[in-house]
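The primary structure of each chain is shown beneath.
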Amino acid sequence: LLSIVLSSNGYVYIAPDYVGLGSSNGLHPYMIKSTTSSSVIDMIRAARKFCSNQGFVQNNSQLMLVGYSEGGYATLAAQQTIEQELSDEFEVTVSFPMAGPYDLSGTMADVMLSAEEYGAPHYLPYVLLSYIEYYSLGELSDFFLPEYAELLPELFNGEYSSGSIDSQIPNPPINMLHQSVISDFSNNPEHELRNLLIQNDLLDWAPYSLTYIFHGEADELVPYSNSEIAYNSFINNGSDPNIVIFEAIPASAGGHQDVALIALQGAFEISNTMQNINQKGD
């Protein structure tokens, strides 16, 4: 739907598969900043090269980033990398990070440590499996109870939907972990996994491109506080509040899935006011 709407309204629209998804092999490094941002940035480069080589699509220098949930994390991660490392190559026209888990080490860790049921219990093993593999943290059995250390590689082999995975693991998901792992992580502020989550947080910088942070106040999967903390961090770090703008969507709009279309519609309307279409002519 997005490809139809955006490409028919004058945009060059790209939607990258992340590493480990699509045609690539291996486990997707879920919620890891470097691989997530590189997927986005590499496809922007590829799209620009494609437009240049083909000649029938005229691509200008405008760059609009948008993403929801994990896509919100990817949007903000790509924006940070561009602003801090690639400003000579890219200029972000506007960025729309939406409902992303930007505060991995704080808000999201607290959610995963909770003894309450969670709407997407696969999130915990997905993050843990990714970090264990990507950062070589040890064996699954070092973290998960034996039955889950054996089961999870099968569940995350790419053949199962998130709903299917959720139906085969406990909720709350913390019940999959060794009690010693929970205790060590909870009580040791220098725990290796906590430090890695901090490295992948998206809080410790000051965006300078026009940025609209959308989040639903009643989000039950990715708590609203992720965006609230991110926005406050950005302003405290020196971002201009006229440039970095927090768009809170009221609780009456619904939860995580309900708000997605509202947020995307809002981003579309804003981007349309900024869009510069160059007529290719004859």
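Residues numbered from 1 in each chain as written. Predicted model: local features only at pLDDT ≥ 70, side-chain atom pairs only at ≥ 80, totals over all residues. Heavy atoms only, no water.

Q: How do you make sense of the side chain of T36 when you look at a structure like this?
A: If you trace the backbone, T36 turns up in helix α2 (residues 33–54). Beyond its immediate sequence surroundings of up to four residues, T36 is in contact with Y18, P29, Y73 and A74. (Helix = DSSP H or I, 4+ residues; strand = E, 2+ residues; numbered from the N terminus. Contact = heavy atoms within 4.5 Å.)

Q: Looking at this structure, how should I read the packing of α2 against helix α3 (residues 70–85)?
A: Working note: a packed helix pair is described by the angle between its axes plus the distance between those axes. Relative to each other, α2 and α3 sit at 85°, their axes nearing to 8 Å. Classified by the interaxial angle, the pair formed by α2 and α3 is roughly perpendicular. Facing α2, whose interface residues are K33, T36, S37, V40 and I41, α3 presents Y73, A74, A77, A78, Q80, T81 and I82. Looking at the contact of α2 with α3, its residues break down into 7 nonpolar, 4 polar and 1 charged. (Axes fitted to C-alpha atoms, helices over the stretch in contact; angles between N-to-C directions. Parallel < 35°, antiparallel > 145°, perpendicular 65-115°, else oblique. Nonpolar A, V, L, I, M, F, W, Y, C, P; charged D, E, K, R; others polar.)

Q: Just to check I follow, could you spell out the pairing of strand β1 (residues 64–68) for this structure?
A: The side chains of a regular strand alternate, residue by residue, between the two faces of the sheet. Note that β1 and strand β2 (residues 94–98) share 5 bridges and pair parallel. If you follow L65 over to β2, its bridge partner there is S95. The parallel pair β1 and β2, bridged by α3, forms a crossover whose chirality is right-handed. (Pairing = 2+ DSSP bridges. Right-handed = clockwise from strand over helix to strand, strands pointing away.)

Q: Whenever I open this one, empty space enclosed by the protein confuses me. Can you help?
A: Here the idea is plain: a probe the size of a water molecule rolls over the atoms and shows the empty space left. Applying the stated criterion across every chain yields a total of 1 cavity of 30 Å³ or more. Looking at the largest cavity, its volume works out to about 230 Å³. In this structure, the largest cavity is lined by 16 residues; those nearest its centre are M112, L124, F185, L193 and L197. When contributions to the lining of the largest cavity are tallied by element, the ones reaching two or more residues are α4 (104–113), α5 (123–134), α8 (179–187) and α9 (192–199). The element best represented in the lining of the largest cavity is α4, accounting for 5 residues. Here the residues of the lining of the largest cavity sort into 16 nonpolar, no polar and no charged. (1 Å grid on protein atoms, 1.4 Å probe; cavity = no way out; pocket = protein on both sides within 12 Å on 5 of 7 lines; lining within 4 Å. Points joined across faces, edges and corners; volume = space filled by probe spheres on them.)

Functional significance is not addressed by these values, which are geometric in nature.
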